[in-house]
Amino acid sequence: MGYKVVVAGATGNVGREMLNILAERQFPTDEVVALASRRSLGTEVSYGDKTLKTKDIEGFDFSGYDIALFAIGSEATKKYAPIAASQGCVVIDNSSLYRYDPEIPLVVPEVNPEAVEQYGKKNIIANPNCSTAQLVVALKPLHDRARIKRVVVSTYQSVSGAGKEGMDELWEQTKAVYNPTAEVPPKKFTKEIAFNVIPHIDVFLDDGSTKEEWKMTAETKKILDPSIKLTATCVRVPVFVGHSEAVNIEFEEFLDEDEARDILREAPGIMVVDKREAGGYISPKECVGDYATFISRIRQDSTIENGINLWCVSDNLRKGAALNAVQIAETLGNRCLKKG
Ligand SMILES: NC(=O)c1ccc[n+]([C@@H]2O[C@H](COP(=O)([O-])OP(=O)(O)OC[C@H]3O[C@@H](n4cnc5c(N)ncnc54)[C@H](OP(=O)(O)O)[C@@H]3O)[C@@H](O)[C@H]2O)c1
């Protein structure tokens, strides 16, 4: 006896990972349906050792399905999520559309699992931004010990965070560097991403920050603690998968770097790799395909009274999106839903 599950956006970066992770973690399913736009009708996607043929989301009847994992972008979500929710299927959404709605829980299961119990207000649960998910996994156990006052974070975000078109653009531009007749102008990104870094993700806001930076602040407050101040600089880098973050944390109380390392070692979802030698830390290439949020370079910040610096790396398609969504489904199953 399992759940009847829909994966919407099954042909995309996140949707494909959702299918992989449902199979890897043996999420109990009686049926799995893959949906995408009409463009992908009949496209084959893998679910464990099975192959599913993608169906068109338009006109799909969600009644009788328990959970729908959505990864189709805000615009399409606005159209289809309310339909699924009104037909009795709980939507776990990866877009930013519902994250700031006070009636919709925003959940990272290592941090605020109890929030899933609020799912019934709209039959929708939101998944955070990829950069926020890995960050709050790292912050939560430290906050519990020494109360975080302020966080300063700089991100190094991979192109897969901008969908499959972002990955294609990096690949084509990289090849074109060796073939000057085949220039590939920027389309998905604002400047050439190959052999470059771009300090701009999502739209600019009136105060000069970007929406991606604002999301990290707003989501950390909603998931972890509204009293935490957070300032971010979000940067796109020419890495295919894996987001990295340089994080400076100021606490109410003193926290020794060795104690911080021990706390993080014990915390759920975290793998500490922190040797003070060449290569004794994790880079994004090594986190691909993994579930963990990796923490390295843990050290005291001696310029403030109660400060710690650390380096945080995770697979943005997994903890930043698909894995977190499947963990939400597991939490929902354990706490709220009946199977079959
Ligand atoms: N990538 C990340 O790290 C990450 C992290 C957190 C959240 N997210 C969010 O997850 C969502 C998907 O991102 P992605 O990276 O997987 O993008 P992607 O690789 O570009 O895939 C987009 C998916 O959405 C489907 N889609 C697009 N428009 C649709 C429509 N009108 N109706 C039905 N399906 C439609 C596409 O289907 P077709 O193939 O048929 O076009 C495809 O399956 C976005 O909301 C994104 O913000 C992504």
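Only a predicted model underlies this, so the values are computations on that prediction, with no experimental measurement involved. (Residues numbered from 1 in each chain as written. Predicted model: local features only at pLDDT ≥ 70, side-chain atom pairs only at ≥ 80, totals over all residues. Heavy atoms only, no water.)

Asks: Explain the confidence of the model for the protein chain residue by residue, including any values.
Replies: Put simply, the protein chain has an average pLDDT of 97, and 100% of its residues get 70 or more. Predicted confidence in the protein chain is weakest over helix 4 (residues 163–177), with a mean pLDDT of 96, and strongest over strand 11 (residues 243–251), with 99. (pLDDT = per-residue confidence, 0-100. Helix = DSSP H or I, 4+ residues; strand = E, 2+ residues; numbered from the N terminus.)

Asks: Outline the sheet that holds strand 1 (residues 3–8), listing residues and values.
Replies: Pairing is parallel across the open sheet formed by 6 strands, whose spatial order is 5-2-1-6-7-8. Edge positions in the open sheet fall to strand 5 (55–56) and strand 8 (124–126), since each of these has one partner strand only. Pairing analysis gives 4 bridges linking strand 6 (residues 67–70) to strand 7 (residues 90–93), with the strands arranged parallel. Bridge pairing in strand 7 places I67 opposite V90. (Pairing = 2+ DSSP bridges.)

Asks: Which residues make up the site of the ligand, and what values do they have?
Replies: Surveying the vicinity of the ligand reveals 27 residues, the closest of which are T11, V14, S37, R39 and S40. At a separation of 2.5 Å, an oxygen atom of the ligand approaches a polar side-chain atom of T11. Between the ligand and S37, the relevant distance is 2.6 Å, taken from an oxygen atom to a side-chain nitrogen or oxygen of the residue. Among the elements of the structure, helix 1 (13–24), helix 2 (73–86), helix 4 and helix 8 (318–335) are those that each provide at least two residues to the shell around the ligand. Sorting elements by how many residues they give to the shell around the ligand places helix 2 first, with 3 residues. A class-by-class count of the residues in the shell around the ligand yields 11 nonpolar, 14 polar and 2 charged. (Near = heavy atom within 4 Å. Polar contact = N/O pair within 3.5 Å; in protein donor to acceptor, adjacent residues only side chain to side chain. Nonpolar A, V, L, I, M, F, W, Y, C, P; charged D, E, K, R; others polar.)

Asks: Let's hear about the packing of helix 1 against helix 8: which residues, and what values?
Replies: Running from amino to carboxyl end, helix 1 crosses helix 8 at an angle of 50°, the nearest separation of the two axes being 9 Å. It follows that helix 1 is oblique to helix 8 by the angle criterion. Judged by the sense of rotation from one axis to the other, the crossing of helix 1 with helix 8 is right-handed. Here V14, E17, M18, N20, I21, L22 and E24 of helix 1 come into contact with helix 8, specifically with R318, A321, A322, L323, A325 and V326. Residues of the contact of helix 1 with helix 8, tallied by class, amount to 9 nonpolar, 1 polar and 3 charged. (Axes fitted to C-alpha atoms, helices over the stretch in contact; angles between N-to-C directions. Parallel < 35°, antiparallel > 145°, perpendicular 65-115°, else oblique. Left-handed = near helix turned anticlockwise from the far one by under 90°. Contact = heavy atoms within 4.5 Å.)

Asks: Tell me what's going on with the side chain of D274, and back it up with residues and numbers.
Replies: Within the fold, D274 resides in the loop between strand 12 (270–272) and helix 7 (284–287). Take D274: its relative accessible area is 14%, and that puts it in the buried class. At 2.8 Å, the side chain of D274 forms a polar contact with the side chain of R261. Of note is the side chain of D274, whose polar atom sits 3.2 Å from the backbone nitrogen of I298. Among residues more than four places away in sequence, those in contact with D274 are R261, G280, I295, S296, R297 and I298. (Buried < 20%, exposed > 50% of the residue type's maximum accessible area, 1.4 Å probe, protein only.)

Asks: A description of the packing of aromatic side chains should follow, citing residues and the corresponding values.
Replies: Evaluation of the coordinates by the stated rule reveals 6 aromatic pairs. An aromatic cluster of at least three residues, connected via ring pairs, comprises F60, F62, Y65 and F70. Across the ring face of Y65, the terminal group of K4 is positioned such that the distance to the ring centre comes to 5.0 Å. Positioned over the ring face of Y291 is R25, at 5.0 Å from the centre of the ring. (Phe/Tyr/Trp six-rings, centres within 6.5 Å; stacked < 30°, edge-to-face > 60°. Lys NZ or Arg CZ within 6 Å of the ring centre and 35° of its normal.)

Asks: Summarise the UniProt feature "active site" (unreviewed entry) in the protein chain; cite the residues concerned and give the values.
Replies: Mapped onto this structure's residue numbering, the UniProt feature "active site" (unreviewed entry) falls at C130 and H243. A maximum C-alpha distance of 8.1 Å places the annotated residues, which cover 114 residues in sequence, within one compact spot. Of the residues examined, C130 reaches a relative accessible area of 13% and is grouped as buried. If you trace the backbone, H243 turns up in strand 11. When residues no more than four places from it in sequence are discounted, the contact partners of H243 are C130, S131, Q134, Y156, Q157, S158, G161, R236, C312, V313, S314 and N316. (UniProt positions renumbered as here; feature names shortened; annotations may be inferred.)

Asks: So what's going on with the pattern of salt bridges? Which residues, and what values?
Replies: Between side chains of opposite charge, a pair can form as their charged atoms come close. If you walk through the whole model with that rule in mind, you get 25 salt bridges. We note a salt bridge from D274 to R261, for which the minimum N-O separation is 2.8 Å. Placement of the pair is D274 in the loop between strand 12 and helix 7 and R261 in helix 6 (residues 257–266), with a sequence separation of 13 residues. By relative accessible area, R261 is classed as buried at 10%. Salt bridges sharing partners connect three or more residues here, namely E17, E24 and R318. (Salt bridge = Lys/Arg side-chain N within 4 Å of Asp/Glu carboxyl O.)

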